Amino acid sequence: MDNKRNNFTSSIGFIMAAAGSAVGLGNIWRFPYLAAKDGGGLFLVIYIILALTFGFALLTTEIAIGRRTAQGPLTAYGKVHKKWKFLGWLAWIVPVLILPYYCAIGGWVLKYFVVFVSGAGKTAAEDGFFGGYITSEVEPIVWFIIFLIATAIVVLKGVNDGIENVSKILMPILIVLILGISVFSITISKDGVTGLDGLKVYLIPDFTGLTFDKFLVILTDAMGQLFFSISVAMGIMVAYGSYAKKDANLMKSINRIEFFDTLVAMLAGLMIIPAVFVFFGREGMSKGGPGLMFQSLPKVFAEMGGAGTVIGIVFFLTVIFAAVTSSVSVMEAIVSGLMDKFNLSRRVSGLITTLYSLILGVIVCLGYNKLYFEVTLPNGSKGQILDVMDYISNSWLMPLVAFLTCILIGWVVKPDYVIDELVQGDNKFARRRIYKLMIKYIAPIMLFVLLLQSFGIIKL
Ligand code: PHE
């Protein structure tokens, strides 16, 4: 079975695919919001330090597990240690939960793109447009299905023809598009307020009112964001690592993946914060997530006049690219798991995955109308089906999977399990000591704190 396994044909293919997974909705709708909320440059500095230490350790670990075991997530952990098969299941359940609702959100993005292309961007800026849309019964399901099928086509085409090729094309275009909007965003002005003023809010560290408690909030915000952003704890990087060539220099690739992910997050801030600031001031950034993308930003585009339509089109196209390369990776984690565990073909695994996602995704869409109910989540926010699935996967399962992975590698099989894999061939591993320190002590402690916070046991 192992020697039949597909490989990424080149390091750049591997880097683009993994970066494509890492760069997703989170980079665009959450990173800029957190940066604006958490003291601008201060958040950025903390984020970068965490990326080079905590993020690097987690990403390295998963990619190394994948390449060393040559297995998808479902079977990889059991191969690392016989008694840890359960962790494979846990890690595999995460993408299973995420895929349906990620595609439902992908459908919303498609819809907005089409609204802007048809020249109706201004209607999207009206209060109630977003709410009206997601509570409508049929259309969100149609766009969801289109997004899901697009994802499935790429995955069914396989590692090289599908994932690698698509990522190699979409990711460079994505960078160019984001750069274009960023330049525009910095150069706009209204009533004496310019994009550059917004840029200062984003980049200059703001220490006003900084207390120890606030610092802890910034730290956990940055940690939670980073952790989600590099796509760890959901089997994806294990699957992608299993397709990396044995002689590829993983260390170099990992550095580039992280660089790419952080670069896009930073650029997203550059693209969003100055524009929002010019038209709506600091309060304009008070929303992150869907509220920012589907409510605040269309208002910003509407303020831009004619240019707003073009910027809106380019923006939502960028988001589609970011979202598709992520959803493809989520589906691949599930599919590769099924293929390795049950010895199924890619086609059969892909079809099973598409089918269950179709059913669950329709349920998610109906969660805003026919199946509407509201629960209060442990973090105090209210939500329905999508939010519940998001909460279980992101707030509980992911920190748990990452925590257990640290214990498995740091204490059970020992960090050399990963380090040996990285130094295959003549490759060097420069940050060995930081890695050991992170994987044994610091990362598990940080993840444990994140978990306690999610369970509402500690409040920050
Ligand atoms: N890492 C992606 C982001 O930052 C998120 C993602 C979520 C990717 C789920 C894959 C699966 O948006």
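In this report, we go over the structure that sits alongside the text. Just so it is clear, the model here is predicted, and its values are computed rather than measured.

The rules behind the values
- Residues numbered from 1 in each chain as written.
- Predicted model: local features only at pLDDT ≥ 70, side-chain atom pairs only at ≥ 80, totals over all residues.
- Heavy atoms only, no water.
- Helix = DSSP H or I, 4+ residues; strand = E, 2+ residues; numbered from the N terminus.
- Rg over C-alpha atoms; globule rule 2.2 N^0.38 Å.
- Buried < 20%, exposed > 50% of the residue type's maximum accessible area, 1.4 Å probe, protein only.
- Contact = heavy atoms within 4.5 Å.
- Areas by Shrake-Rupley, 256 points an atom, 1.4 Å probe, with all protein chains shown as cover.
- Lys, Arg positive; Asp, Glu negative; His and termini not counted.
- Charge placed at Lys NZ, Arg CZ, Asp CG, Glu CD.
- Phe/Tyr/Trp six-rings, centres within 6.5 Å; stacked < 30°, edge-to-face > 60°.
- Lys NZ or Arg CZ within 6 Å of the ring centre and 35° of its normal.
- Near = heavy atom within 4 Å.
- Polar contact = N/O pair within 3.5 Å; in protein donor to acceptor, adjacent residues only side chain to side chain.
- Nonpolar A, V, L, I, M, F, W, Y, C, P; charged D, E, K, R; others polar.
- Expected span 1.5 Å × (residues − 1).
- Axes fitted to C-alpha atoms, helices over the stretch in contact; angles between N-to-C directions.
- Parallel < 35°, antiparallel > 145°, perpendicular 65-115°, else oblique.
- Left-handed = near helix turned anticlockwise from the far one by under 90°.

1. Describing the overall build of the chain
Regarding its fold elements, the chain presents 19 helices and four strands. For 460 residues, the compact-globule estimate of 2.2 N^0.38 gives 23 Å, and the C-alpha radius of gyration of the chain, at 21 Å, lies within 12% of that figure. Dimensions of the chain along its principal axes, counting C-alpha atoms only, are 60 × 50 × 40 Å. Within the span of the chain, comprising 460 residues, buried residues form 60% of the whole. Restricting to contacts in the chain with at least 6 residues of sequence separation, those with at least 24 account for 81%. Surface summary for the chain: the accessible area is close to 17,700 Å², and the carbon and sulfur share equals 67%. For the chain, the separation between the mean place of its 37 positive charges and that of its 28 negative charges on side chains is 9 Å.

2. Digging into the packing of aromatic side chains
Enumeration according to the criterion identifies 30 aromatic pairs in this entry. With a centroid separation of 5.7 Å and 85° between ring planes, the pair formed by Tyr112 and Phe129 is classed as edge-to-face. Of this pair, Tyr112 sits in helix α5 (residues 85-117) while Phe129 sits in helix α7 (residues 129-135), placing them 17 residues apart in sequence. What makes Tyr112 buried here is its relative accessible area of 0%. Grouping aromatic residues by their ring pairs yields a cluster made of Trp29, Trp108, Tyr112, Phe116, Phe129, Phe130, Phe294, Phe301, Phe315, Phe316 and Tyr368. The ring of Tyr417 is capped by Arg68, whose NZ or CZ atom sits 4.0 Å from the centre of that ring.

3. Section: unusual backbone geometry
One non-glycine residue, Ala233, lies in the positive phi region at around 65°. Structurally, Ala233 can be placed in the loop between α11 (212-229) and α12 (236-242).

4. Here's the deal with the environment of Ala35
Tracing the backbone shows Ala35 in helix α2 (residues 25-37). Along the chain, Ala35 and Val201 lie 166 residues apart, while their C-alpha atoms are 9.2 Å from each other. Ignoring sequence-local partners within four residues, the contact set of Ala35 consists of Gly40, Phe43, Leu44 and Tyr202.

5. Quick look at the site of the ligand
Every one of the 15 residues lining the ligand counts as a neighbour, but Ala22, Gly26, Asn27, Ser229 and Val330 are closest to it. Between Gly26 and the ligand, the recorded distance is 2.6 Å, taken from a backbone N or O atom to an oxygen atom. Bound to the protein, the ligand loses 100% of the 320 Å² it would expose on its own. Put simply, the parts of the chain that give the shell around the ligand at least two residues each are α1 (11-22), α2, α5, α11 and α15 (306-342). If one sorts the elements of the shell around the ligand by residue count, α2 sits on top with three residues. Taken together, the residues of the shell around the ligand sort by class into eight nonpolar, seven polar and no charged.

6. Thoughts on the environment of Lys190
Along the chain, the position of Lys190 falls in strand β1 (residues 189-190). The sequence separation of Lys190 and Val278 amounts to 88 residues, and the corresponding C-alpha distance is 6.2 Å. Setting aside residues up to four positions removed in sequence, Lys190 forms contacts with Val278, Phe279 and Glu303.

7. Regarding α15
Over its 37 residues, α15 extends 54 Å from the first C-alpha to the last, a length consistent with the 54 Å expected when each residue adds 1.5 Å. Buried residues dominate α15, accounting for 28 of its 37 residues. Just beyond α15, the residue with positive phi is Asn343, at close to 60°.

8. Some thoughts on the packing of α5 against α15
The contact between α5 and α15 brings their axes to 8 Å, and the two run at 155°. Considered as vectors, α5 and α15 are oriented roughly antiparallel to each other. Of the two elements, α5 crosses α15, and the hand of that crossing is left-handed.

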